[in-house]
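Below are the chains, spelled out letter by letter.
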Amino acid sequence: MSAHPLAAPLLAGSRRALARAITLSESTRADHETQAQQLLSEVAPHAGQSIRVGLTGVPGVGKSTFIEALGVHLADAGHRVAVLAVDPSSARTGGSIMGDKTRMPRLTVHPNAYIRPSPAGGNLGGVARRTREAITLCEAAGHDVVLVETVGVGQSETQVAAMTDLFVLLTLPNAGDELQGIKRGIMELADVCVVNKADSAPKAAVRAQTELRAALRLLTPHDAPWRPRALRASALTGEGVPEVWAAVLDYVGEVDVAARRRTQTAQWFDELLREAAWKLFRAGLDGGQLRALRAEVEAGQLTAIQGVAALTAG
């Protein structure tokens, strides 16, 4: 099999090749999926050398602003930073605003940074359908830090923890009930919690940090290899941003990231297997039978469970 034409320029660090490669991996066309898998198989041996950080937070927490501050801090220090930003898709039209680049003006023009917005496309868990593939492509292109910004809508923002090395939760000085609403869904997975916009209400930020520390102590098992940290920062002033990165480096130094990635790869395999099995199942269905059963379920003549059982029987 001949080499994929995007492989060489991608491995050489071409931003254009990286953009085209991610677009190819996100396509649902059968021929594009085949090409994307060929490309991934060629460049995957050159991936895996980055630090992968997932970031999420309550609405209005300033995720994009914080990511820009962190990204500029790292890019100025010589890191090659890739930001994979997932935008929510309309349930009606399927469209997305894709405004992350406008919210990160300094990072967008930085020569050491690459920002890729992608639509969630109805995918659950706060990430896009092919975020894992995009991470691999960014690493193969030479990016040593990959920041994955989730949609940021609450408890479903957990899938990103299954594809990154650590999970950062951003919250506000006066989050209050909003924080309570997401605590069990996200805080159990958070490796670092950051009270952002600490400059806007310093006393409230200190209080929120104290409350977070107490909550993290209760939620973290005694035998956990890492004790999650609660920090304060201001994306606007830059205060606390270096300390957040220092916590990331401490985490990478203390936790067996390689073992975590092996587990994630197995989970990825299981997800792709379910996706392939579903496609095979749909391909073998009798379209007329499927429409008839759906109509019976919709009319209340069958329960949804009975309808599925009729399709899978025998």
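Values in this document were obtained by computation on a predicted structure and should not be read as measured data.

Rules and cut-offs
- Residues numbered from 1 in each chain as written.
- Predicted model: local features only at pLDDT ≥ 70, side-chain atom pairs only at ≥ 80, totals over all residues.
- Heavy atoms only, no water.
- Helix = DSSP H or I, 4+ residues; strand = E, 2+ residues; numbered from the N terminus.
- Buried < 20%, exposed > 50% of the residue type's maximum accessible area, 1.4 Å probe, protein only.
- Contact = heavy atoms within 4.5 Å.
- Areas by Shrake-Rupley, 256 points an atom, 1.4 Å probe, with all protein chains shown as cover.
- Expected span 1.5 Å × (residues − 1).
- Arc of directions from axis to C-beta.
- Phe/Tyr/Trp six-rings, centres within 6.5 Å; stacked < 30°, edge-to-face > 60°.
- Core = buried A, V, L, I, M, F, W, Y, C linked by side-chain atoms within 4.5 Å.
- Polar contact = N/O pair within 3.5 Å; in protein donor to acceptor, adjacent residues only side chain to side chain.
- Axes fitted to C-alpha atoms, helices over the stretch in contact; angles between N-to-C directions.
- Parallel < 35°, antiparallel > 145°, perpendicular 65-115°, else oblique.
- Left-handed = near helix turned anticlockwise from the far one by under 90°.
- Nonpolar A, V, L, I, M, F, W, Y, C, P; charged D, E, K, R; others polar.
- Salt bridge = Lys/Arg side-chain N within 4 Å of Asp/Glu carboxyl O.
- Pairing = 2+ DSSP bridges.
- Right-handed = clockwise from strand over helix to strand, strands pointing away.

A.B. asks: I'm lost on the overall build of the protein chain in this one. Help?
C.D. replies: In terms of helices and strands, the protein chain carries 13 helices and seven strands. Residues classed as buried in the protein chain amount to 47% of the 314 residues present. Pairs at least 24 residues apart make up 75% of the contacts formed inside the protein chain by residues separated by at least 6 positions. Roughly 15700 Å² of accessible area belongs to the protein chain as shown, and the carbon and sulfur atoms make up 56% of that amount.

A.B. asks: Hey, could you run me through helix H10 (residues 241–254) in this one?
C.D. replies: An α-helical segment advances 3.6 residues per turn. Residues three or four places apart therefore align on the same side. End to end, H10 covers 20 Å across 14 residues, agreeing with the expected 20 Å (1.5 Å per residue, within 8%). Taken residue by residue, H10 has Val241, Val244, Trp245, Ala247, Val248 and Tyr251 as its buried positions. Here the buried residues of H10 occupy an arc of 155° about the axis, which is enough to place them on one side.

A.B. asks: Can you walk me through the packing of aromatic side chains in this structure?
C.D. replies: Pairs of aromatic rings are described using the distance from one ring centre to the other and the angle between the two planes. Enumeration according to the criterion identifies two aromatic pairs in this entry. Here Trp226 and Tyr251 contribute two aromatic rings whose centre-to-centre distance is 5.2 Å and whose plane-to-plane angle is 80°, an arrangement assigned as edge-to-face. Here Tyr251 lies in helix H10 and Trp226 lies in the loop between helix H9 (202–219) and strand E7 (229–232), a separation of 25 residues in the sequence. Like Trp226, the residue Tyr251 is buried in the burial classification. Relative to Phe281, the ring of Trp278 has its centre 5.9 Å away and its plane inclined at 35°; by these criteria the two rings are tilted. In this pair, Trp278 and Phe281 are both assigned in helix H11 (residues 257–283), three residues apart and thus about one turn of the helix distant. The class for Trp278 is partly exposed, based on a relative accessible area of 48%.

A.B. asks: Teacher, can you tell me more about the nonpolar core here?
C.D. replies: Buried together is how nonpolar side chains tend to be arranged in soluble globular proteins. Leu10, Leu18, Ile22, Leu84, Leu137 and Met187 are the most contacted members of the largest nonpolar core, which totals 39 residues. Here Leu18 is in contact with Leu10, Tyr114, Leu137, Cys138, Ala141 and His143, once residues within four sequence places are set aside. Formed by 37 residues, the second largest nonpolar core is a distinct cluster that contains Phe66, Ala75, Ile115 and Trp245.

A.B. asks: Before we go on, may I ask you to explain unusual backbone geometry in this structure?
C.D. replies: With the exception of glycine, most residues fall at negative phi, and the peptide bonds are largely trans. In the Ramachandran plot, Lys197 falls in the positive-phi region, its phi being about 60° despite a non-glycine side chain. As for its position among the elements, Lys197 is in the loop between strand E6 (192–195) and H9. Its relative accessible area of 34% is what places Lys197 among the partly exposed residues.

A.B. asks: Please clarify how the environment of Ser14 should be interpreted in this entry.
C.D. replies: With respect to the helices, strands and loops of the structure, Ser14 is situated in the loop between helix H1 (7–11) and helix H2 (15–26). The exposure class assigned to Ser14 is partly exposed, which follows from its relative accessible area of 26%. Spatially, the C-alpha atoms of Ser14 and Ala141 are 7.1 Å apart, while their sequence positions differ by 127 residues. Among the polar contacts listed, one links the side chain of Ser14 to the backbone nitrogen of Ala17, at a separation of 3.1 Å.

A.B. asks: Is there a simple way to think about the packing of helix H12 (residues 287–299) against helix H13 (residues 304–312) in this case?
C.D. replies: When two helices pack together, their arrangement is given by the angle between the helix axes and by the axis-to-axis distance. Across the interface, H12 lies against H13 with an axial gap of 9 Å and an inter-helix angle of 165°. When the axis of H12 is compared with that of H13, the two are roughly antiparallel. Note that H12 runs across H13; the crossing there is right-handed. Facing Gln289, Leu290, Leu293 and Val297 of H12, the residues of H13 in contact are Ala304, Gly307, Ala310 and Leu311. Grouping the amino acids of the contact of H12 with H13 by side-chain chemistry returns six nonpolar, two polar and no charged.

A.B. asks: Teacher, can you tell me more about the pattern of salt bridges here?
C.D. replies: A side chain of one charge can pair with a side chain of the opposite charge if their charged atoms are brought near each other. Using the criterion set out here, one finds 12 salt bridges in the structure. Taking the shortest distance from any N to any O, the salt bridge between Glu139 and Arg52 comes out at 2.7 Å. Of this pair, Glu139 sits in helix H7 (residues 131–140) while Arg52 is found in strand E1 (residues 51–57), placing the two residues 87 residues apart along the sequence. The exposure class of Glu139 is buried, given its relative accessible area of 5%. As a salt-bridge pair, Glu68 and Arg106 come within 4.0 Å of each other at their nearest N and O atoms.

A.B. asks: I would appreciate a short explanation of the pairing of E7 in the present structure.
C.D. replies: Regular strands place side chains that alternate from one sheet face to the opposite one. Pairing of E6 with E7 involves four bridges; the strand directions are parallel. Residue Val194 lies in a different strand from E7, and its bridge partner there is Leu231. For the crossover that starts at E6, traverses H9 and ends in the parallel E7, the hand is right-handed.

A.B. asks: What should I look at first to understand the packing of H2 against H7 in this one?
C.D. replies: It is the contact of H2 with H7, at a shortest axis distance of 10 Å, that shows an interaxial angle of 160°. In terms of axis orientation, H2 runs roughly antiparallel to H7. At the point where H2 passes H7, the crossing takes the right-handed sense. Residues Leu18, Ala21, Ile22 and Ser25 of H2 touch H7, and the partners they reach there are Glu133, Ala134, Leu137 and Cys138.

Any link to function would need more than the numbers given here.
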